[in-house]
Amino acid sequence: MLLQLQSHGFAILENGGSGLDTEPEFAKLLNCSPRPTYYSGCGRHIVKTSVVEVLRQDSAAYLPKRFGIHGDIPAYYHPLEVGILHCSQQIKGEGGENWLCDSFHVAEQMKEEYPMHFELLSTVPVHWRDVGREPGTMPYHLESWYPTISVDSNGQIEMVRVADHMRGSHFANEHKDKLLSWYEAYFNFYTLLHNEQYCAKYKMQN
């Protein structure tokens, strides 16, 4: 399983248990040291958030509707590197599927096939904003500016941020003339994320 995670970027573990403490035990296998986040869980490379049958209007994760493709905590300088999605109880009937998307592969394709779009997505900062409060914790209000695709000094892709529910609609004044072009580039990128070539649908079991 660990080899699969390293080579493919994701792995599926079945019969891992239904307890809420399963994620920390699995994190030990990955040698991940904990680091607090503003959500209810913690993890240096892992974000643990429990989603149960509770309707809340302050978080898209708790609303009874489809939750779009996203990566967690995009407002962090170093968001999520390894995520554990643990299903302790699956719903009966239709629905409840997860979409697993290879955003790095899509970003590479954008770089090769749509270089102008890639340039916009990797240079125009996006306003990321997350405000709320987890039960039993202090309120949080986090804002930052990072491009959708972050590259290093050699132009290599090192981070992809996608989270429409946390993406603001404001752009810095120096980029206002690129607004329409940026949305065209982002629409192209987001459409590719849903392409079956880069995305797989999977319904987890208990």
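Above this text you will find the structure in question.
The numbers attached to residues start from 1 for each chain and follow its sequence in the written order. Residue-level local features of this predicted model are given only where pLDDT is at least 70; pairs of side-chain atoms are given and counted only at 80 or more, and the full residue set underlies all totals for whole chains, interfaces and linings. To obtain the side-chain values, all non-hydrogen atoms of the structure were used and water was disregarded.

If you tally the helices and strands in the chain, you get five helices and six strands. Strands here mean DSSP runs of E at least two residues long; helices mean DSSP runs of H or I at least four residues long; both are numbered from the N terminus. Reading the secondary structure of the chain in the N-to-C direction produces α-α-β-α-α-β-β-β-β-α-β. A contact between two residues is defined here by any heavy atoms of the two lying within 4.5 Å. Looking at the chain alone, contacts between residues at least 24 apart form 65% of all its contacts between residues at least 6 apart. Roughly 13,300 Å² of accessible area belongs to the chain as shown, and the carbon and sulfur atoms make up 53% of that amount. Only the protein chains shown count as cover for residues, and all accessible areas are computed by the Shrake-Rupley method using a 1.4 Å probe.

Under the pairing criterion, centres of Phe, Tyr and Trp rings, with the six-membered ring standing for Trp, must be within 6.5 Å; the plane angle then separates stacked pairs below 30 degrees from edge-to-face pairs above 60, leaving the rest tilted. According to the stated counting rule, one finds five aromatic pairs in the structure shown. Both rings, one in W182 and one in Y186, keep their centres 5.1 Å apart while their planes meet at 5°; by these two values the pair is stacked. You can see W182 and its partner Y186 sitting in helix α5 (residues 179-193), four residues apart, about one turn around the helix. Assessed through its relative accessible area of 0%, W182 is described here as buried. Between Y186 and Y190, the aromatic rings sit 5.8 Å apart at their centres with planes inclined by 25°, giving stacked as the arrangement. Taken together, the residues span about one helical turn, with Y186 and Y190 both in helix α5 at a distance of four residues. Here's how the labels work: a residue is buried when its accessible area is under 20% of the maximum for its type, exposed when over 50%, partly exposed in between, all with a 1.4 Å probe on protein chains only.

Further remarks concern the nonpolar core. Most often, soluble globular proteins keep nonpolar side chains buried together rather than apart. With 26 residues, the main nonpolar core has L121, W182 and F189 as its most contacted residues. Every element with two or more residues in this core is listed here: α3 (103-113), α4 (115-123), β2 (126-132), β5 (157-160) and α5. At seven residues, α5 tops the list of elements feeding residues into this core. Here, nonpolar core means buried Ala, Val, Leu, Ile, Met, Phe, Trp, Tyr and Cys residues that are tied together by side-chain atoms lying within 4.5 Å of each other.

The subject of this paragraph is a nonpolar patch on the surface. Patch criteria: residues need more than 30% relative accessible area and no salt bridge. Like-charged residues are merged within 9 Å; nonpolar side chains of Val, Leu, Ile, Met, Phe, Trp and Tyr are merged within 5 Å. When a carboxyl oxygen of Asp or Glu lies within 4 Å of a side-chain nitrogen of Lys or Arg, that pair is called a salt bridge. The grouping of F10, I12 and L100 at the surface amounts to a nonpolar patch, some 240 Å² of accessible area in total. Relative to the helices and strands, I12 is located in the loop between α1 (2-8) and α2 (22-29).

Now for the packing of α4 against α5. Working convention: axes come from line fits to C-alpha atoms, limited for helices to the stretch in contact. Angles between N-to-C directions cover 0 to 180 degrees. The contact between α4 and α5 brings their axes to 9 Å, and the two run at 105°. Considering the angle they form, α4 stands roughly perpendicular to α5. Counted together, H117, L120 and L121 of α4 and S181, W182, E184, A185, Y186, N188 and F189 of α5 form the full contact between these two elements. Residue composition of the contact of α4 with α5, grouped by class: six nonpolar, three polar and one charged. Every angle not falling under 35 degrees, over 145, or within 65 to 115 is termed oblique; those three ranges are roughly parallel, roughly antiparallel and roughly perpendicular. Think of it as three bins: nonpolar holds Ala, Val, Leu, Ile, Met, Phe, Trp, Tyr, Cys and Pro, charged holds Asp, Glu, Lys and Arg, and polar takes everything else, Gly as well.

What follows is about the pattern of salt bridges. According to the stated counting rule, one finds two salt bridges in the structure shown. A salt bridge links R129 to E143, with the shortest nitrogen-to-oxygen separation between them at 3.7 Å. Here R129, found in strand β2, pairs with E143, found in strand β3 (residues 140-146); they are 14 residues apart in sequence, far enough to count as distant. We classify R129 as partly exposed; its relative accessible area is 41%. Classification of E143 as partly exposed rests on a relative accessible area of 41%. Between R167 and D164 there is a salt bridge, and its shortest N-O distance comes to 3.2 Å.

Looking now at the packing of α3 against α5. Relative orientation of the contacting elements α3 and α5 amounts to 135°, with a least axis distance of 10 Å. As judged from the angle between their axes, α3 and α5 are oblique. For the crossing formed where α3 meets α5, the hand is right-handed. Between α3 and α5, the contacting residues are S103, V106, A107 and M110 on the first element and A185, N188, F189, L192 and L193 on the second. Put simply, a crossing is left-handed when the front helix is turned counterclockwise from the back one by less than a right angle, and right-handed when it is turned clockwise.

What follows concerns α5. The span you would expect from a helix comes to 1.5 Å times its residue count less one. Across its 15 residues, α5 extends 21 Å between first and last C-alpha, which sits within 8% of the 21 Å expected from 1.5 Å per residue. Within the sequence span of α5, burial applies to W182, A185, Y186, N188, F189, Y190, L192 and L193.

Among the structural elements, N188 can be located in helix α5. Ignoring anything within four residues of it in the chain, the contact list for N188 reads M110, Y114 and H117.

Let us look at the environment of I73. Residue position: I73 is located in the loop between α2 and β1 (98-101). In sequence terms I73 and L142 are 69 residues apart; their C-alpha atoms lie 9.5 Å from each other.

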